[in-house]
Amino acid sequence: QVQLVESGGGLVQAGNSLRLSCAASGRTFSSYAMGWFRQAPGKEREFVAAISRNGGNTYYADSVKGRFTISRDNTKSTVSLQMNSLKPEDTAVYYCAAKNIVLSNRFVYTKSDYDAWGQGTQVTVSS
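Examining the overall build of the protein chain
For step 1, the next point in the chain: Within the protein chain, the regular secondary structure consists of 0 helices and 11 strands.
For step 2, the next point in the chain: Reading the protein chain from its N end, one meets helices and strands in the order β-β-β-β-β-β-β-β-β-β-β.
For step 3, the next point in the chain: Its C-alpha atoms give the protein chain a radius of gyration of 14 Å, near enough to 14 Å, the size a compact globule of 127 residues would have.
For step 4, the next point in the chain: A principal-axis box enclosing the C-alpha atoms of the protein chain has dimensions of 45 × 30 × 25 Å.
For step 5, the next point in the chain: Every one of the 127 residues in the protein chain was classed for burial, and the buried ones make up 43%.
For step 6, the next point in the chain: Of note, the protein chain has its 14 positive side-chain charges centred 4 Å away from the centre of its 9 negative side-chain charges.

Put into structure tokens, the structure is as follows:
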């Protein structure tokens, strides 16, 4: 089972940028599709972005499309989320998640499908 640790959260003003990172350890990182989710106070955890095992395919929630970019480095077992033009409504705890893939090209999953989660990192965007 892979273990995930997020970093890079913080407090920023609206319009600024942050870059989140998620470091994975354990089993072969390249066998996992990766995703980022977020959870704001009083709300359910929601999908943000996903990336395929080799990084060649990405998918975003409409709310972040054009502002956020997900990427991964399989040589370093990391996945990142570059967040630009941040808005107050982006305030949430951000989680990375890993889904072990066997014989499939699918890389977008619902939150209940993921095998492992990080502890989360807080992102707060002030207006």
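After presenting the structure, the write-up continues.
Let's talk about the sheet that holds strand E1 (residues 3-7)
For step 1, the next point in the chain: Read across the open sheet, the 4 strands follow the order E1-E3-E8-E7; overall the sheet is antiparallel. Because the sheet does not close on itself, it has two edges, and the strands there are E1 and strand E7 (68-73). Across the sheet, the mean angle from the axis of one strand to that of its neighbour is 15°, orientation sign disregarded.
For step 2, the next point in the chain: Sheet topology note: the E1/strand E3 (residues 18-25) ladder contains 5 bridges and is antiparallel. Opposite Gln-3, over in E3, you have Ser-25 as the bridge partner.

Quick notes on the packing of aromatic side chains
For step 1, the next point in the chain: Applying the stated rule across the entire model yields 7 aromatic pairs.
For step 2, the next point in the chain: One aromatic cluster is present, built from ring pairs that chain together Phe-37, Phe-47, Tyr-59, Tyr-95, Tyr-109, Tyr-114 and Trp-117.
For step 3, the next point in the chain: For Arg-45, the ring lying beneath its charged end belongs to Trp-117, and the centroid distance is 4.8 Å.
For step 4, the next point in the chain: The ring of Phe-29 has Arg-72 sitting right over it, with the charged end atom 4.4 Å from the ring centre.

Calculation rules
- Residues numbered from 1 in each chain as written.
- Predicted model: local features only at pLDDT ≥ 70, side-chain atom pairs only at ≥ 80, totals over all residues.
- Heavy atoms only, no water.
- Helix = DSSP H or I, 4+ residues; strand = E, 2+ residues; numbered from the N terminus.
- Rg over C-alpha atoms; globule rule 2.2 N^0.38 Å.
- Buried < 20%, exposed > 50% of the residue type's maximum accessible area, 1.4 Å probe, protein only.
- Lys, Arg positive; Asp, Glu negative; His and termini not counted.
- Charge placed at Lys NZ, Arg CZ, Asp CG, Glu CD.
- Pairing = 2+ DSSP bridges.
- Axes fitted to C-alpha atoms, helices over the stretch in contact; angles between N-to-C directions.
- Phe/Tyr/Trp six-rings, centres within 6.5 Å; stacked < 30°, edge-to-face > 60°.
- Lys NZ or Arg CZ within 6 Å of the ring centre and 35° of its normal.

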